[in-house]
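One-letter residues, chain by chain:
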Amino acid sequence: MTVSGRFITFEGIDGAGKTTHLDALEQAWRQAGREVVRTREPGGTPLAERLRGLFLHEAMDPLTEALLVFAGRRDHLRTVIEPALARGAWVLCDRFTDATFAYQGGGRGFDLTVLRTLESWVQAGRQPDLTLLFDLPPEVAAERLGAARQPDRFEALDTAFFERVRAGYRARLQQDPARFELIDATGTPQQVAERVHQALTRRGLA
Ligand code: TMP
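A.B. asks: Would you explain helix H6 (residues 138-145) in this entry?
C.D. replies: Residues spaced three or four apart along an α-helix face the same direction, because each turn holds 3.6 residues. Of the residues making up H6, those classed as buried are Pro138, Ala141 and Leu145. When H6 is viewed along its axis, its buried side chains cluster within an angular range of 60 degrees and face the same direction. Against helix H7 (159-175) lie the buried residues of H6. Gly146 sits one or two residues past H6 and shows a positive phi near 45 degrees.

A.B. asks: What is the right way to look at the pattern of salt bridges in this model?
C.D. replies: Note that side chains of opposite charge can pair when their charged atoms are close. Tallied over the entire structure, the rule returns 20 salt bridges. One salt bridge in this structure joins Arg87 and Glu35, with 2.8 Å as the shortest N-O distance. Of the two residues, Arg87 sits in the loop between helix H3 (62-86) and strand E3 (90-94) while Glu35 sits in the loop between helix H1 (18-31) and strand E2 (36-40), which places them 52 residues apart along the sequence. Overall, Glu35 belongs to the partly exposed group, its relative accessible area being 37%.

A.B. asks: Sorry, what's going on with the site of the ligand here?
C.D. replies: Neighbouring residues of the ligand: 15 residues in total, closest Asp14, Arg52, Arg95, Thr100 and Gln104. Taking Asp14, its side chain carries an N or O atom lying 3.0 Å from an oxygen atom of the ligand. One nitrogen or oxygen atom from the side chain of Lys18 is found 3.3 Å from an oxygen atom belonging to the ligand. Contact with the protein chains removes 95% of the 480 Å² of surface that the ligand exposes when unbound. For the shell around the ligand, the secondary-structure elements that each account for two or more residues are helix H2 (46-57), H3 and helix H4 (97-107). Considering each element in turn, the shell around the ligand owes the most residues, 4 residues, to H4. A breakdown of the residues in the shell around the ligand according to their chemical character gives 7 nonpolar, 2 polar and 6 charged.

A.B. asks: Would you mind showing me how to read unusual backbone geometry here?
C.D. replies: Most peptide bonds are trans, and most residues other than glycine sit at a negative phi. Look at the link from Glu41 to Pro42: it is a cis peptide, with omega at -5 degrees. Note on placement: Pro42 falls in the loop between E2 and H2. In the Ramachandran plot, Arg95 falls in the positive-phi region, its phi being about 75 degrees despite a non-glycine side chain. Structurally, Arg95 can be placed in the loop between E3 and H4. Positioned with a positive phi, Ala124 is a non-glycine residue whose angle comes to about 45 degrees. Its place among the elements puts Ala124 in the loop between helix H5 (112-123) and strand E4 (130-135).

Calculation notes
- Residues numbered from 1 in each chain as written.
- Predicted model: local features only at pLDDT ≥ 70, side-chain atom pairs only at ≥ 80, totals over all residues.
- Heavy atoms only, no water.
- Buried < 20%, exposed > 50% of the residue type's maximum accessible area, 1.4 Å probe, protein only.
- Helix = DSSP H or I, 4+ residues; strand = E, 2+ residues; numbered from the N terminus.
- Arc of directions from axis to C-beta.
- Contact = heavy atoms within 4.5 Å.
- Salt bridge = Lys/Arg side-chain N within 4 Å of Asp/Glu carboxyl O.
- Near = heavy atom within 4 Å.
- Polar contact = N/O pair within 3.5 Å; in protein donor to acceptor, adjacent residues only side chain to side chain.
- Areas by Shrake-Rupley, 256 points an atom, 1.4 Å probe, with all protein chains shown as cover.
- Nonpolar A, V, L, I, M, F, W, Y, C, P; charged D, E, K, R; others polar.

Structure (structure tokens):
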């Protein structure tokens, strides 16, 4: 029998609060005795983390952004995600390819056909089993981010950019609704955590 883990991704515009809920889920599942691999994109391997530094801080055109992020993704899939799924682990990934469609495709307006080609080359059919999409208006997200930290190249962009990113995420959801749970990310962290719990219960994953 082939063992197969679960691949769950967390998506949303900057400031949506997904990382808080990722932390909570990681902890709960570890306590339940599951092998959890917590990872992120851009990044997740030594090579991809180096590419992340360039991606977040150097000026470049959208095709270069897409090539860099898919290069890191290839390394991440081969050396971390696929081996973890093959041994039955639960992989929790903070952003994945939907972010490329939302940020480079939606936000930057880059050609979706090129992104789809890169996706099929790099992923060879691999998709997350479930994607939690944390959705909220960009103005609310911007308030949450506030002046808490030095913004990276993306966090520094305006709300019009994030409206396009948000629309890019929704377009991905519409293309593959069975893979997504849309989480209303407005309200308190406790309210959002309750919605996450309900979504996971619906999927038999709580
Ligand atoms: P993070 O702060 O959630 O780790 O994400 C880093 C930034 O990179 C975030 O603003 C979203 C952006 N990003 C892309 O533009 N394209 C991608 O494919 C990914 C994974 C992230």
